[in-house]
Each structure stands twice: as structure tokens, then as C-alpha cells.
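The residues making up each chain are set out below.
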Amino acid sequence: MSKKNEQNHMREDEKDEKEKKLSSMFSNLPSEIDPPDFIWDRIENSIDLMEEADRLDETIEEEVQGQNEIRVHFLTGLFTKHPYAGAAVAALVMVVLTFGLFTRFYNPEPEMVSVENQQYEEALKQLEEAAFEYNNAREDLLVLIDNNEALLADETIAAIKENVILIDSAVNDIKTALQQDPNNQQILVQLATIYYEETNMLLKTNDLLEGITN
Amino acid sequence: MNRIKQTDDTELVKSVQKGDRAAFKTLYEMYAGRIYALTIRMTANSSAADDILQDIFIRAWEKVGTFKFKSAFYTWLHRLAVNVIIRKSQKLKKEGQRESTIEVEDMYKKQGLKKTDSIENRIDCERALLNLPDQARKIFVLYEMEGYTHEQIGKIAGISIGASKAHLSRARSLLKKELRL
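Cut-offs applied
- Residues numbered from 1 in each chain as written.
- Chains lettered and ligands numbered in written order.
- Predicted model: local features only at pLDDT ≥ 70, side-chain atom pairs only at ≥ 80, totals over all residues.
- Heavy atoms only, no water.
- Helix = DSSP H or I, 4+ residues; strand = E, 2+ residues; numbered from the N terminus.
- Buried < 20%, exposed > 50% of the residue type's maximum accessible area, 1.4 Å probe, protein only.
- Contact = heavy atoms within 4.5 Å.
- Arc of directions from axis to C-beta.
- pLDDT = per-residue confidence, 0-100.
- Salt bridge = Lys/Arg side-chain N within 4 Å of Asp/Glu carboxyl O.

### Topic: the overall build of chain A
Consideration 1: Check the secondary structure of chain A and you find six helices and zero strands.
Consideration 2: Helices and strands appear in chain A in the N-to-C order α-α-α-α-α-α.
Consideration 3: When each of the 214 residues of chain A is scored for burial, the buried share is 28%.
Consideration 4: Long-range contacts, defined as pairs at least 24 residues apart, comprise 66% of the intrachain contacts of chain A with a sequence gap of at least 6.

Next comes the structure, spelled out in C-alpha cells:
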């Protein structure tokens, strides 16, 4: 070994030793430092205030709900005090709405979208696949946010949810355009492309959040 | 502070999820010391550390319902704490709040630690750490003392892996100089 190489090795060893010593010095620091006693009192006071605010919210909510129930009974002609009447009507409305949305999207009426050629059929198939992937990625992301709400900054959650709403709105705009011009293959491809791009974006966000929350 | 085994915290957390304040106080007593040490070292600002510790535990109380027992409770609390510390520090920096000094010697005295050579060395380390530039200090604490990877730090702090490595290297070099290694 040349003298220069030997010197370099010695320097590297010395450097490693210094790094080890530094790590060891910091690993000896106390892992706990007692906080001032007043902090717990301040935490308790804040929790008291939050609970007081929650109670107030609940009272207001109950009052508003009471008024809504009267409105629902009036609208449906159910002049009864049955506690499930409002919920049943709401559930029925939800089923009708959901069914309407699904059938509109997944089963376009034959007279609206006429399959003219194989290319169009292919594009439609791609669109369905893209929509499926998009809905899965969207659902996964929202579940991830809900499950890890505590670990994410409020601003991050708000920004992601806002973006999801924006994407949904862009998708809806194109879907409306497609309904108005169902045989327009260009719009169909455009919608599928948007789905794929947005799905990629959602998956990337998902990966990023998983890195933070794991 | 009460020292209760970490394995006991599952039942406590379940009670807290049902709104049991006494159980929450026990969890606070179990973990506040560790979280406060992290907060003090990452912020280098005693009054900010007090406020941030308070925010961490209030947020934990608010969000404990979302804890699904997939990890240890302390791991969840620690992640939540790091998240709050980074966000609050960025806010303080934007507001231009000056850092309040930390008297490490007084802090150690309050912990009941007697002055010995080994304590002197620890005080020197704490002082050197608190004197580091803000970002370098945070990354050194997370990587060297809390065991985070550069990838995790990058994601939490919103910086690249390379930037995290560069800050760590700078921190180490400054600390070696300050501690005459």
C-alpha cells in the first residue's frame, strides 16, 4: 500500500471514530425532559372549552334537526311522530340518486350512445376501465386521509380534498359534454385520458401520504 | 412522572377513545417527557416548545378516535408530534418570531440531575445542538436521535432526500467543531 493510500485510510478511520463518538454522545442525552406542570392544566382547560363548544353544537343541531323533521313530514305527507320516517325518506332519496348516477354512467342508454364501429367500442371499454381505476384510486386516497387524519396537516387534507373536488368537477364537465354529443369519439378519448392522468396523480399522492403515515 | 409499561397503553387508549379524561392524563404522564424532549430539541425555543406540547396533546385528544391500533400508540403520537412541530415551527418562522433561549443547565437542574463530568458533557451537547441552524438541527434530531430515514424526513419536512443528507452532514460537521471532536 502506498504512503498516500495509507494516510487516506487513517483519515477515514479517524473520521469514522469521530462520527461514532458524536453519535454515542447524543445517544447518552436524556430521552425525557419533564415539561412544566402548568401545561397539563392548559390542556385540560382547552379540552373543557372544546367539550363545551361540542355540547353547544349538539344543542343547535338537535334544534335544527327537529325543525327539519317537521319539514320532511310535511313534504312526504307523513304527519307522524315515527322516528324513522325522516331517515327512510332520506334513504329512499339516496337510493334513487345513487341508482340514477350509476345507471347514467355505467349503462348509457342505447339510443344515446350508438356503437358505430369497433374503434368506438374500444374507446368506450377503455373509458370504463379508466373510470374504474379512477374511482378505486379516489376511494383509497380518501380512506387513507380519513384513517390518518391526525398525522396530516389540516392544510394538506384541505388541499387534497379540494383537488379531488376539482378533478370530480372536470370529469363531470366532460361527462356532460359526452351526454350532449354521445357519438363524439374525441370526447370519449379525452375523458379516458383525464381519468388516467388523474388516477396517476391520485396514486402518486397516495404513495406520498403512505410514506408519511407508515 | 409515572413510568408505566408501554404494553399497558392499549386499554388506556381504548378508554380515552370513549372520552375518559383520567386515562388521557395517564397517557400524558407516560409520554409527555419524551415528546417534550423531542419538542425542545427540535424547536430550540422554550416558550414555543410549551405551546407546541400543549397543541400536540390537544390534537391527540381530538384525533385519538382515528387511531386504529395498527402501530404502537407512542409511534402514532410521535408522528403526530413531529407533524405539529414542523408545521408550527414553519408558522413561527413566517411570523418572524425570535427564538427564546433555553437555559440547558437550569433545565437539567429541574430534572434533578446532579452536576458531574458526564452531566457537563451532556449539557455541552445540548447547547451545541440548540446552536445549530434550524433545519440542520431538526434533521439531526430526527435522523440521529429519533431514527427516521432520509426518505421519511424528506416527506415529512417537504424536502428532497439529498437536501436532508446535506443538512445532516452540515449538522454533524458543526457539532464536531463545537464539541472539539
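### Structural notes on helix α1 (residues 9-17) of chain B
Residues and elements named next belong to chain B.
Consideration 1: Residues of α1 that are buried: D9, L12, V13 and V16. Buried positions in α1, seen along its axis, are confined to an arc of 100° and lie on one side of it.
Consideration 2: Next to the buried residues of α1 lie α2 (21-43), α3 (46-63) and α4 (73-95).
Consideration 3: A positive backbone phi angle near 100° is found at G19, which sits one or two residues after α1.

### A word on the confidence of the model for chain A
Consideration 1: Per-residue confidence for chain A averages 68 on the pLDDT scale, and 61% of its residues sit at or above 70.
Consideration 2: Here helix α3 (residues 85-106) of chain A stands out as the least confident element of chain A, with mean pLDDT 36; helix α5 (residues 154-180) of chain A is the most confident, with 79.

### What about the side chain of K176 of chain B?
Consideration 1: One can find K176 of chain B in helix α9 (residues 161-178).
Consideration 2: Assessed through its relative accessible area of 15%, K176 of chain B is described here as buried.
Consideration 3: Contacts of K176 of chain B, omitting those with residues within four sequence positions, involve K18, E19 and L22 of chain A together with L181 of chain B.

### Focus on the pattern of salt bridges
Consideration 1: For the coordinates displayed, the defined rule picks out 16 salt bridges over all chains.
Consideration 2: For the salt bridge of E44 of chain A with R21 of chain B, the shortest nitrogen-to-oxygen distance reads 3.5 Å. One end of the pair, E44 of chain A, is in helix α2 (residues 38-76); the other, R21 of chain B, is in helix α2, on a second chain.
Consideration 3: Of the charged contacts, one joins E11 of chain B and K14 of chain B as a salt bridge, the two residues approaching to 3.9 Å between their closest N and O atoms. Of this pair, E11 of chain B and K14 of chain B both sit in helix α1, three residues apart, which is roughly one turn of that helix.
Consideration 4: For K14 of chain B, a relative accessible area of 36% puts it in the partly exposed group.
Consideration 5: A cluster of three or more residues bridged by salt bridges with shared partners is formed by E19 of chain A together with E144, R172 and K176 of chain B.

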